[in-house]
Amino acid sequence: MIERTLSIIKPDGVERHLIGKIISKFEENELYPVRIEMKHLTQKEAEGFYDVHVGKPFFNELVSFMSSSPVVLMVLEGEDAVAKNRKIMGATNPANAEEGTLRRMYAKSIDKNTVHGSDSLENAKKEIAYFFG
C-alpha cells in the first residue's frame, strides 16, 4: 500500500552535509520526497514535536539538540513507507544498526543518530500534520 511518512534529517546530518546522500538512499529504495523543507526548529516546536517524551531523562537534551541548528523535514511516499523508512534508517542505537543503514553509516551516537522516522502510520499522519499542516 502506498503510504506517507515523516523523515527528518537531524542537525548532525545537516551540519555534516549528508542531505544529498540521505535523500539518495531513500530514492534508491523507492521512497520519494513529496514535501521538503529546511527549518531551524524553535525550542517550542521541538518540545511540541517530542511531547510524548516529556518527563523522560533525555527530553531536555533531545529538544536542545533538535533546536540547535537546521533540520530537513521530508514527507516520503512509497510502498509501505513507514516500515521501509524504519528499515533504511536502522536501529536507534547505531551500534545495533545493520550494515548499510543510514544510522550505521552516518550516526555518531544514540543521541546524534542523524535521522528520524515515524514509527507507525498513525504517528506518521500526526507528525506530517505537525510540520506541514
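Residues numbered from 1 in each chain as written. Predicted model: local features only at pLDDT ≥ 70, side-chain atom pairs only at ≥ 80, totals over all residues. Heavy atoms only, no water.

1. As for unusual backbone geometry
And then number 1: Despite not being glycine, Glu 30 shows a phi value in the positive range, around 60°.
And then number 2: Its identity as a non-glycine residue notwithstanding, Asp 80 has a phi of 45°, on the positive side.

2. As for helix H4 (residues 59-66)
And then number 1: When we look at burial in H4, the residues that qualify are Phe 59, Leu 62, Val 63, Phe 65 and Met 66. Within H4, the buried residues cover an arc of 165° as seen down the axis, which keeps them to one side. Of the exposed residues in H4, those oriented more than 90 degrees away from the buried face are Asn 60 and Glu 61. (Buried < 20%, exposed > 50% of the residue type's maximum accessible area, 1.4 Å probe, protein only. Helix = DSSP H or I, 4+ residues; strand = E, 2+ residues; numbered from the N terminus. Arc of directions from axis to C-beta.)

3. Re helix H7 (residues 121-132)
And then number 1: Helix length check: H7 (12 residues) gives 16 Å between terminal C-alpha atoms against 16 Å at 1.5 Å per residue, within 8%.
And then number 2: When H7 is considered as a whole, its buried residues turn out to be Ala 124, Glu 127, Ile 128, Phe 131 and Phe 132. Buried residues of H7 fall within an arc of 105° about the axis and therefore sit on the same side. Every exposed residue of H7 that faces more than 90 degrees away from the buried side is listed here: Glu 122 and Lys 125.
And then number 3: For H7, the secondary structure elements touched by its buried residues are strand S1 (2-9), strand S2 (32-39), helix H3 (43-49), strand S3 (71-79), helix H5 (81-89) and strand S4 (115-117).
And then number 4: Gly 133 occupies a position one or two residues after H7 and carries a positive phi of about 70°. (Expected span 1.5 Å × (residues − 1). Contact = heavy atoms within 4.5 Å.)

4. Quick look at the nonpolar core
And then number 1: One finds Leu 6, Ile 8, Met 66, Phe 131 and Phe 132 to be the most contacted residues of the largest nonpolar core, which totals 17 residues.
And then number 2: Within the residue set of this core, elements represented by two or more residues are S1, H3, H4, S3 and H7.
And then number 3: When residues in this core are grouped by element, the largest group, five residues, is from H4.
And then number 4: Every residue in contact with Phe 131, bar those within four places of it in the chain, is listed here: Leu 6, Ile 8, Leu 41, Phe 49 and Leu 73.
And then number 5: Of all hydrophobic cores here, the second largest spans 16 residues; its members include Leu 18, Val 72, Leu 102 and Val 115. (Core = buried A, V, L, I, M, F, W, Y, C linked by side-chain atoms within 4.5 Å.)

5. Here we look at the packing of aromatic side chains
And then number 1: All told, the structure shown has four aromatic pairs when counted by the stated rule.
And then number 2: Taken together, a centroid distance of 4.9 Å and an interplanar angle of 40° make the contact between Phe 49 and Phe 131 tilted. Placement of Phe 49 in helix H3 and of Phe 131 in helix H7 is noted, with a sequence separation of 82 residues between them.
And then number 3: Taking relative accessible area as the criterion, Phe 49 reaches 10% and is therefore assigned buried.
And then number 4: Here Phe 131 falls in the buried class, since its relative accessible area comes to 14%.
And then number 5: Connected via pairs of aromatic rings, a cluster forms that spans Phe 49, Tyr 50, Tyr 130 and Phe 131. (Phe/Tyr/Trp six-rings, centres within 6.5 Å; stacked < 30°, edge-to-face > 60°.)

By themselves, these are just geometric observations and shouldn't be taken as functional.
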